[in-house]
Amino acid sequence: MFKQLHIRLTVFFTLVTSLIFLLLTGVCLHFAESSIRQSSYTSFLTRLNSVIVHLQEQDSISHQWLNQIQQGNVFRLYLYDNGIPLAYQDYHSSEEEEALVQEVAAYAKKTYNIDIFNPAYLHITSHTEFSFAPSSGQQYEVSVGIVPNTNGSLSFLVLSSRAEQNRHLTRLRCIVGTADLCAILALAVFAWRFTAHLLVPLSENQKKQMHFIASASHELRTPLSVLLSGLESIAKTRDPDKQAHFIHLMTTEGHRMQHLIDDMLLLANADSKTLPVSRKPQQPDELLLHVYEAFEPLAQQKNISFSLSLPEALLPDCLCDRERMIQVFSILTDNALCYTPAGGTITLSLLDRAHVFEFRFCDTGCGISDEQKSMIFERFYRADAAHSDKSHFGLGLCIAKELVTAQGGKIRVEDAPGGGSCFVVTLPHPQ
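Residues take numbers from 1 onward in each chain, read along the sequence in its written order. Only residues with pLDDT of at least 70 are given local features in this predicted model, and only at 80 or more are side-chain atom pairs given and counted; all residues enter the totals for whole chains, interfaces and linings. Working from all heavy atoms in the structure, the side-chain values ignore hydrogens and water.

Peer 1: Could you give an account of the overall build of the protein chain, with specific residues and numbers?
Peer 2: Put simply, DSSP marks the helices as runs of H or I at least four residues long and the strands as runs of E at least two long, and each gets a number from the N terminus on. Summing up its helical and strand segments, the protein chain has 10 helices and 12 strands in all. Its C-alpha radius of gyration of 47 Å places the protein chain more than 25% over the 22 Å reference for a compact globule of 431 residues. Dimensions of the protein chain, computed from C-alpha atoms along their principal axes, come out at roughly 140 × 65 × 35 Å. Buried, partly exposed and exposed residues are distinguished by accessible area as a fraction of the type maximum, computed with a 1.4 Å probe on protein chains only: under 20%, between the cut-offs, and over 50%, respectively. Burial statistics for the protein chain: of 431 residues in total, 38% are counted as buried. Throughout, the radius of gyration refers to the C-alpha atoms, and the reference size of a globule is 2.2 Å times the residue count to the power 0.38.

What follows is the structure, given as structure tokens:
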């Protein structure tokens with residue numbers, strides 16, 4: 001179940017984040033390409049304006065200037081004096097270039113009505129620029145125009161190849177594409193690890209829930225078996241004493257089942273954050289004294305030394321739910337009595353620390369190992385697996401923790417001096 005969910009969440013997160021990432025990089029790439037094209041076109045216009053100004057100002061054109069203009073074979077200039085090509089072009093133009101010039105000139109004549117081979121006489125310089133892709137597939141920025149002079153007119157055709165620009169754009173796209181692919185792979189790995197980490201609490205909660213259901217079923221099976229067995233026995237016997245015995249057993253197990261169900265309902269309310277807690281000012285020492293007086297007779301029966309230590313100074317009120325806190329203290333005291341052997345000692349004490357009240361329940365029992373300290377507040381957990389007291393289901397400490405937490409307090413366990421364990425409950429001072 002969780003494996004399939006893990007895969008689906010990974011695919012979903014990867015797709016969503018990848019789409020967003022690709023969209024953002026696509027927008028950035030679009031603006032980057034636009035900037036490159038604009039920069040290239042601006043450079044073309046700058047060089048073109050320099051050429052036109054030179055043609056307007058100079059009566060003669062030197063070969064040195066033509067070589068300098070056309071250096072790199074990217075920016076090509078073709079000049080025609082009254083429609084006749086300059087002799088320079090006969091030595092520096094190939095047949096392919098001549099064919100290209102003819103094709104561009106024909107397009108300019110047809111589209112823009114500018115004939116560089118038969119130029120009309122003009123009083124001012126006239127030129128136009130456009131993009132052109134000949135049949136060879138190469139792309140060019142083109143400018144055709146006519147510059148009037150004293151001898152008639154000088155027409156020109158400029159070809160600026162986009163090959164370098166296109167190579168630059170291709171490299172940019174390859175870099176961005178590779179970066180996108182690497183980013184998507186990284187996102188997939190991150191999504192796999194993140195969703196795995198995200199599902200850990202769910203998996204643990206499911207395991208705890210299954211363990212809770214299994215443990216609750218196990219605990220309920222025993223009283224139900226006793227009840228059913230008792231009913232069958234009552235139906236088979238007519239002896240009043242035996243019937244009374246079975247009725248007593250059924251009543252005991254019924255109360256035990258009711259107690260377990262009440263505990264489970266309390267935990268369910270704690271899980272759904274609907275645990276009813278009514279916090280009112282209470283005397284903290286009176287709460288502990290009440291529990292001490294309730295359990296003192298039981299401690300005497302078990303031959304356990306039971307003592308209470310309270311501060312001599314008058315304490316401020318403690319803001320808590322009286323019945324809930326007595327329930328917590330009763331759970332801790334009852335646990336101490338169950339796990340402390342005859343002749344042992346149990347001490348209840350109250351300390352007024354800075355900003356908190358500290359209630360301590362220390363015993364000289366078998367103690368709790370460090371490994372068990374992290375698990376004793378879990379549901380249906382018993383520190384002593386062999387402990388057979390049917391009045392304990394392994395829910396007491398879990399309930400105590402939920403009740404203390406609901407009132408803004410904390411509970412912990414530590415080793416008691418001289419052996420045994422000590423449970424410590426802290427409640428904040430009222431603000």
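Peer 1: Tell me about the pattern of salt bridges, residues and numbers included.
Peer 2: For this document, the term salt bridge refers to a Lys or Arg side-chain nitrogen within 4 Å of an Asp or Glu carboxyl oxygen. On inspection of all chains with the given rule, the structure shows 14 salt bridges. A salt bridge links R322 to E286, with the nearest nitrogen and oxygen atoms 2.5 Å apart. Linking R322 in helix α8 (residues 322–339) with E286 in helix α7 (residues 284–301), this pair joins segments that are 36 residues apart in sequence. For R322, a relative accessible area of 23% gives the class partly exposed. Overall, E286 belongs to the partly exposed group, its relative accessible area being 32%. The closest approach of N and O atoms between R360 and E358, which form a salt bridge, is 3.0 Å. Taking the relative accessible area as the measure of exposure, R360 reaches 15% and is therefore buried.

Peer 1: Requested: an account of the state of the cysteines, with residues and values cited.
Peer 2: A pair of sulfur atoms, both from cysteines and within 2.5 Å, is called a disulfide here. Under the definition given, this model contains 1 disulfide. What pairs with C362 in a disulfide is C422, and their sulfur atoms sit 2.2 Å apart. Highlighted residues: C362 in strand β10 (residues 356–363) and C422 in strand β12 (residues 421–428), separated in sequence by 60 residues. C422 matches C362 in its accessibility class, with the two residues each being buried. Unpaired in this structure, C28 has its nearest cysteine sulfur neighbour in C182, at a distance of 17 Å. You can see C398 has no disulfide; the closest cysteine sulfur is in C338, sitting 18 Å from it.

Peer 1: I'd like to hear about the packing of α8 against helix α10 (residues 396–406), residue by residue, with values.
Peer 2: When two helices pack together, their arrangement is captured by the angle between the axes and the distance separating the axes. In this description, a line fitted to the C-alpha atoms serves as the axis of each element, helices being fitted only across the stretch in contact, and the angle between N-to-C directions of two axes falls anywhere from 0 to 180 degrees. Between α8 and α10, whose axes approach to 9 Å, the crossing angle comes to 150 degrees. Classified by the angle between their axes, α8 and α10 sit roughly antiparallel to one another. Note that α8 runs across α10; the crossing there is left-handed. Two secondary-structure elements touch here, α8 through R324, Q327, V328, I331, L332 and N335 and α10 through G396, L397, I399, A400, L403 and V404. In the scheme used here, Gly and all other residues not listed as nonpolar or charged are polar, with Ala, Val, Leu, Ile, Met, Phe, Trp, Tyr, Cys and Pro taken as nonpolar and Asp, Glu, Lys and Arg as charged. Looking at side-chain class alone, the contact of α8 with α10 contains 8 nonpolar, 3 polar and 1 charged residues. Orientation labels follow simple angle bins: below 35 degrees gives roughly parallel, above 145 gives roughly antiparallel, 65 to 115 gives roughly perpendicular, and whatever is left gives oblique. Helix crossings get a hand from a simple test, with the near helix turned counterclockwise from the far one by less than a right angle marking a left-handed crossing and a clockwise turn marking a right-handed one. Residues are treated as being in contact if the distance between any of their heavy atoms lies within 4.5 Å.

Peer 1: Explain the nonpolar core to me, and be specific about the residues and the numbers.
Peer 2: Residues V328, F329, L332, F359, F423 and V425 are the most contacted members of the largest nonpolar core, which totals 46 residues. Residues in contact with F359, not counting those within four places in the same chain, are P284, L288, F329, S349, L350, F423, V424, V425 and L427. Within the second largest apolar cluster, 17 residues are counted, among which are L100, F132, V144 and I146. Nonpolar core, defined: a set of buried Ala, Val, Leu, Ile, Met, Phe, Trp, Tyr and Cys residues in which side-chain atoms within 4.5 Å join the residues together.

Peer 1: Explain the environment of Q138 to me, using residue names and the numbers behind them.
Peer 2: By the element assignment, Q138 lies in the loop between β3 (126–132) and β4 (140–149). Between the alpha carbons of Q138 and A183 there is a distance of 34 Å; along the sequence they are 45 residues apart. Setting aside its immediate chain neighbours within four residues, Q138 contacts F132, A133, S161 and A163.

Peer 1: Kindly report on the side chain of S421, identifying the contributing residues and their values.
Peer 2: Within the secondary structure, S421 is located in strand β12. Residue S421 is classed as buried on the basis of its relative accessible area, which comes to 6%. Ignoring sequence-local partners within four residues, the contact set of S421 consists of F361, C362, D363, G367, I368, V413, E414 and A416.

Peer 1: Report on unusual backbone geometry, specifying residues and quantitative values.
Peer 2: Even without being a glycine, N82 presents a positive backbone phi close to 55 degrees. Under the relative-accessibility criterion, N82 is labelled partly exposed at 38%.

Peer 1: Which residues make up the packing of aromatic side chains, and what are the values?
Peer 2: Within 6.5 Å between ring centres, the rings of Phe, Tyr and Trp (the latter by its six-membered ring) count as paired, and their orientation is classed by plane angle as stacked under 30 degrees, edge-to-face over 60, tilted in between. The tally for this structure, following the rule as stated, stands at 14 aromatic pairs. On the numbers, 4.9 Å between centres and 20 degrees between planes, the contact of Y112 with F130 is stacked. Highlighted residues: Y112 in helix α4 (residues 95–112) and F130 in strand β3, separated in sequence by 18 residues. For F130, a relative accessible area of 7% gives the class buried. Ring centres of Y292 and F306 lie 4.9 Å apart, and the angle between their planes is 15 degrees; on these two criteria the pair is classed as stacked.

Peer 1: Break down the sheet that holds β10 for me, with residues and values.
Peer 2: Strand pairing is assigned whenever DSSP detects at least two bridges linking the two strands. Strand order in this open sheet of 5 strands is β7-β9-β10-β12-β11, and the pairing throughout is mixed. Single-partner strands in this sheet number two, and they are β7 (305–309) and β11 (410–415). Direction aside, the axes of adjacent strands within the sheet are offset by 15 degrees on average. Bridge count between β11 and β12: 6 bridges; the pairing is antiparallel. Paired with E414 across the two strands is C422, which belongs to β12. Each of β7, β9 (345–353), β10, β11 and β12 touches α8; the most contacted strand, β12, lies at about 170 degrees to it. Against the sheet, α10 contacts β11 and β12, and its axis sits at roughly 135 degrees relative to β11.

Peer 1: Which residues make up a nonpolar patch on the surface, and what values go with them?
Peer 2: For patch building, the residue pool is restricted to those with more than 30% relative accessible area and no salt bridge; the joining distance is 9 Å between like charges and 5 Å between nonpolar side chains (Val, Leu, Ile, Met, Phe, Trp, Tyr). Every accessible area reported is derived by Shrake-Rupley at a probe size of 1.4 Å, with residue values counting cover from the shown protein chains alone. A grouping of I7, V11, L15 and W192 is seen on the molecular surface, where their side chains present a nonpolar patch of about 370 Å² in accessible area. When you line up the elements, W192 lands in helix α5 (residues 163–236).

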